[in-house]
Each structure stands twice: as structure tokens, then as C-alpha cells.
Amino acid sequence: LPLQLKIVAPHEAFGGLDVPPNVEVLGRIPHDRYLQLVADCAFMVLSLQPGLLRNTGIVTYVEAMRMGKAVLLNDPEGARTYVDDGRTGWLVPPRDVTSLRDRLAWAAEHPDAVAPVARAAGVEAAARFAGACYFPAVDAVVRAVV
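Just so it is clear, the structure is predicted and the values come from calculations on it, not from any experiment. (Residues numbered from 1 in each chain as written. Predicted model: local features only at pLDDT ≥ 70, side-chain atom pairs only at ≥ 80, totals over all residues. Heavy atoms only, no water.)

A closer look at the overall build of the chain
Counting its secondary structure elements, the chain contains six helices and five strands. The secondary structure elements of the chain, listed N-terminal to C-terminal, are β-β-α-β-α-β-α-β-α-α-α. For 146 residues, the compact-globule formula gives about 15 Å, and the C-alpha radius of gyration of the chain, at 16 Å, lands near that figure. The buried share of the chain, taken over its 146 residues, is 36%. Here the contacts in the chain between residues at least 6 apart in sequence split such that 45% fall between residues at least 24 apart. Of the side chains in the chain, 14 bear a positive and 16 a negative charge, and the two mean positions are spaced by 4 Å. (Helix = DSSP H or I, 4+ residues; strand = E, 2+ residues; numbered from the N terminus. Rg over C-alpha atoms; globule rule 2.2 N^0.38 Å. Buried < 20%, exposed > 50% of the residue type's maximum accessible area, 1.4 Å probe, protein only. Contact = heavy atoms within 4.5 Å. Lys, Arg positive; Asp, Glu negative; His and termini not counted. Charge placed at Lys NZ, Arg CZ, Asp CG, Glu CD.)

With respect to the sheet that holds strand 3 (residues 44-46)
Read from one edge to the other, the open sheet built from three strands follows the order 3-4-5, with strand pairing classed as parallel. Of all strands in the sheet, those with a lone pairing partner are strand 3 and strand 5 (89-91), marking the two edges. Strand-to-strand, the axes of this sheet are offset by a mean angle of 10 degrees, without reference to chain direction. Where strand 4 (residues 71-73) and strand 5 come together, three bridges link them in parallel fashion. (Pairing = 2+ DSSP bridges. Axes fitted to C-alpha atoms, helices over the stretch in contact; angles between N-to-C directions.)

Comments concerning the packing of aromatic side chains
A complete count under the given rule lists three aromatic pairs for this structure. Their ring planes at 75 degrees and their centres at 5.9 Å tell us that Y61 and Y82 sit as a pair that is edge-to-face. Residue Y61 is found in helix 2 (residues 55-66), and its partner Y82 is found in the loop between helix 3 (76-79) and strand 5; the two are separated by 21 residues along the sequence. With a relative accessible area of 0%, Y61 lands in the buried category. Judged by centre distance (5.5 Å) and plane angle (40 degrees), the ring pair of Y82 and F129 falls under tilted. Taken together, the positions of Y82 in the loop between helix 3 and strand 5 and F129 in the loop between helix 5 (111-128) and helix 6 (131-145) put the pair 47 residues apart, joining distant regions of the chain. Every member of this aromatic cluster is reached through a ring pair, and the members are Y61, Y82 and F129. Against the face of W106 rests R103, its NZ or CZ located 4.8 Å from the ring centre. (Phe/Tyr/Trp six-rings, centres within 6.5 Å; stacked < 30°, edge-to-face > 60°. Lys NZ or Arg CZ within 6 Å of the ring centre and 35° of its normal.)

Considerations on the nonpolar core
In this structure, Y61, M65, V71, L73, Y82 and V83 are the most contacted members of the largest nonpolar core, which totals 22 residues. Those elements giving two or more residues to this core turn out to be helix 1 (31-40), strand 3, helix 2, strand 4 and helix 5. Looking at which element gives the most residues to this core, the answer is helix 2, with five residues. If near-sequence neighbours (up to four positions away) are discounted, V71 is found in contact with M44, Y61, A64, M65, V83, T88, G89 and W90. Counting residues in each nonpolar core, the second largest holds twelve residues, with L72, V92, V114 and V117 among its members. (Core = buried A, V, L, I, M, F, W, Y, C linked by side-chain atoms within 4.5 Å.)

Okay, structure coming up:
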């Protein structure tokens, strides 16, 4: 794709791969630098390996949504409870490189369509995932079960 992409992931995950010049693998970076990259990005793409625990992935995209960023994820089963496909972000099938690439290209070519999705993501995240909202909801579920 004719885009400048920055990937925050361990360098060893890319061993033996030919990374194109428009892609920069940053490796592990300090959290404050990561937050600045999210703040500066047009939207966030998160490619998750199917079948793995999702805590860090969920925190990553919810954090981006709280910053008012649209998110693109290839984890429709796990992310569906957080991301409303087409309204607060986009979900593509796992391991479907073509769908991920096509949606990424579309989002890059249509910033006017990304902006309302990003705004909706920020509103949704503020309403559902801020500590003042989230923790009482979790507490209510725990109390109901106990």
C-alpha cells in the first residue's frame, strides 16, 4: 500500500520477513511514545493472532478509541463487544490479509468517512470504558453473580 505505516511490535516477530520501505517496525517502545503515536495517527490497525488471550489487544484498541481514533481489527469475535463494525471501527475476518489490506486502503483514501467513525469511537469509549463507567458496571455484574 502507498502508506507510511508504523508497527509497534517486537523486532523478532519480523525475523526473516522483507519489510517494505514504507513500513517502520519500531519494536518495543516506551508507553508515552506509544501514546503519542496513537494521538498522531489517522486511525489504528491492530492485527491479532486468533486464539490468543486478548487483554493487551483489548487495552490497545480501547485506549485508541478513548483517544477518538477509529480502529481496524482482524478479531471480529473478540472485538465485537467493544467495536461496532462500521460505526466505531471496522472488523475483518482473522487471517484475511486481503480484507485487512482493502479496508486499510479504503480508510486511507476516505478520511471524511473515517472522521465520523473516530468521533463515534471516542463517544462510545467515554460512555462505556472510562473508569467511572466501567468499574461500577463490573462491580454490578460481580455482585449479581455472588
